[in-house]
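Take a look at the letters that make up each chain.
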Amino acid sequence: MTRFTAIAAVAALAASVAAPALAQQTRLPTEAPAGAQRVVMMCENDAATRSAFRREHGTPPAFVTADQALQARSRGETWSAPRCMTAREHARLTQTLNTYAAVR
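For clarity, every value in this text was computed on a predicted model and none was experimentally measured.

## Looking at the packing of helix H4 (residues 66–75) against helix H5 (residues 87–103)
Thinking step 1. Packing of H4 against H5 leaves a shortest axis separation of 8 Å and a crossing angle of 45 degrees. As far as their axial angle goes, H5 and H4 are oblique. Between H4 and H5, the residues in contact are Ala 66, Asp 67, Ala 69, Leu 70 and Arg 73 and Glu 89, Arg 92, Leu 93, Thr 96, Leu 97 and Tyr 100, respectively.
Thinking step 2. Split into classes, the residues belonging to the contact of H4 with H5 amount to six nonpolar, one polar and four charged.

## A closer look at the side chain of Thr 49
Thinking step 1. Tracing the backbone through its elements, the reader meets Thr 49 in helix H3 (residues 47–57).
Thinking step 2. On the basis of relative accessible area, Thr 49 is assigned to the buried category, the value being 1%.
Thinking step 3. Within the structure, Thr 49 has its side chain in polar contact with the side chain of Asp 46 (distance 2.6 Å).

## Let's talk about H5
Thinking step 1. Between its terminal C-alpha atoms H5 stretches 24 Å, which fits the 24 Å expected from 17 residues at 1.5 Å a residue.
Thinking step 2. When H5 is considered as a whole, its buried residues turn out to be Glu 89, His 90, Leu 93, Thr 94 and Leu 97. Buried residues of H5, viewed axially, fall in a sector of 135 degrees; they line one side. Exposed side of H5, more than 90 degrees from the buried face: Arg 88, Gln 95, Ala 102 and Val 103 are the residues found there.

## Things to note about the nonpolar core
Thinking step 1. Val 64, Ala 66, Ala 69, Leu 70, Met 85, Leu 93 and Leu 97 together form the largest nonpolar core, which totals seven residues.
Thinking step 2. Among the elements of the structure, H4 and H5 are those that each provide at least two residues to this core.
Thinking step 3. Per-element tally for this core: the top contributor is H4, with three residues.

What counts and what doesn't
- Numbers given for residues are sequential positions, taken from 1 along each chain in its written order.
- At least 70 in pLDDT is required for a residue's local features to be given in this predicted model, at least 80 for side-chain atom pairs to be given and counted, and no such filter applies to totals for whole chains, interfaces and linings, which use all residues.
- The side-chain quantities take in all heavy atoms of the structure and omit both hydrogens and water.
- Working convention: axes come from line fits to C-alpha atoms, limited for helices to the stretch in contact. Angles between N-to-C directions cover 0 to 180 degrees.
- Secondary structure elements follow DSSP: runs of H or I no shorter than four residues count as helices, runs of E no shorter than two count as strands, and numbering proceeds from the N terminus.
- Angle categories: roughly parallel below 35 degrees, roughly antiparallel above 145, roughly perpendicular from 65 to 115, and oblique for all the rest.
- Residue contacts follow a heavy-atom distance rule, with two residues in contact if any of their heavy atoms lie within 4.5 Å.
- Amino acids are sorted into nonpolar (Ala, Val, Leu, Ile, Met, Phe, Trp, Tyr, Cys and Pro), charged (Asp, Glu, Lys and Arg) and polar (every other residue, Gly among them).
- Note on classification: 1.4 Å probe, protein chains only; a residue is buried when its accessible area is under 20% of the maximum for its type, exposed when over 50%, partly exposed between these limits.
- As used in this structure description, the phrase polar contact means that two N or O atoms lie within 3.5 Å; if the pair is within protein, one of them must be able to donate a hydrogen and the other to accept it, and residues adjacent in sequence are counted only when both atoms belong to side chains.
- A helix's residues, less one, multiplied by 1.5 Å, set its expected span.
- By construction, the arc corresponds to the directions joining the helix axis to the C-beta atoms.
- Nonpolar core, defined: a set of buried Ala, Val, Leu, Ile, Met, Phe, Trp, Tyr and Cys residues in which side-chain atoms within 4.5 Å join the residues together.

The structure is reproduced here in structure tokens:
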């Protein structure tokens, strides 16, 4: 299994843990352009991962923090390609979303 595939699998697992919190939060506005999305996934910042990401999505990976991802969600911002974040930032995002879900 390549590094990118392993990272994608870990990201999918982490997303499934937060699925109840994300299910309500990731609805796109009706005026969003076709292909628009707000996907964040865990990525390494090494040459192999950057190359695989560019091959898969057509652009180099753009890294965001948990705070930036939450701000994008609150503004309704969408992206044509997924954004990346480090494992630490992804854990912060998942924890924050789970906290929001628990409060509701």
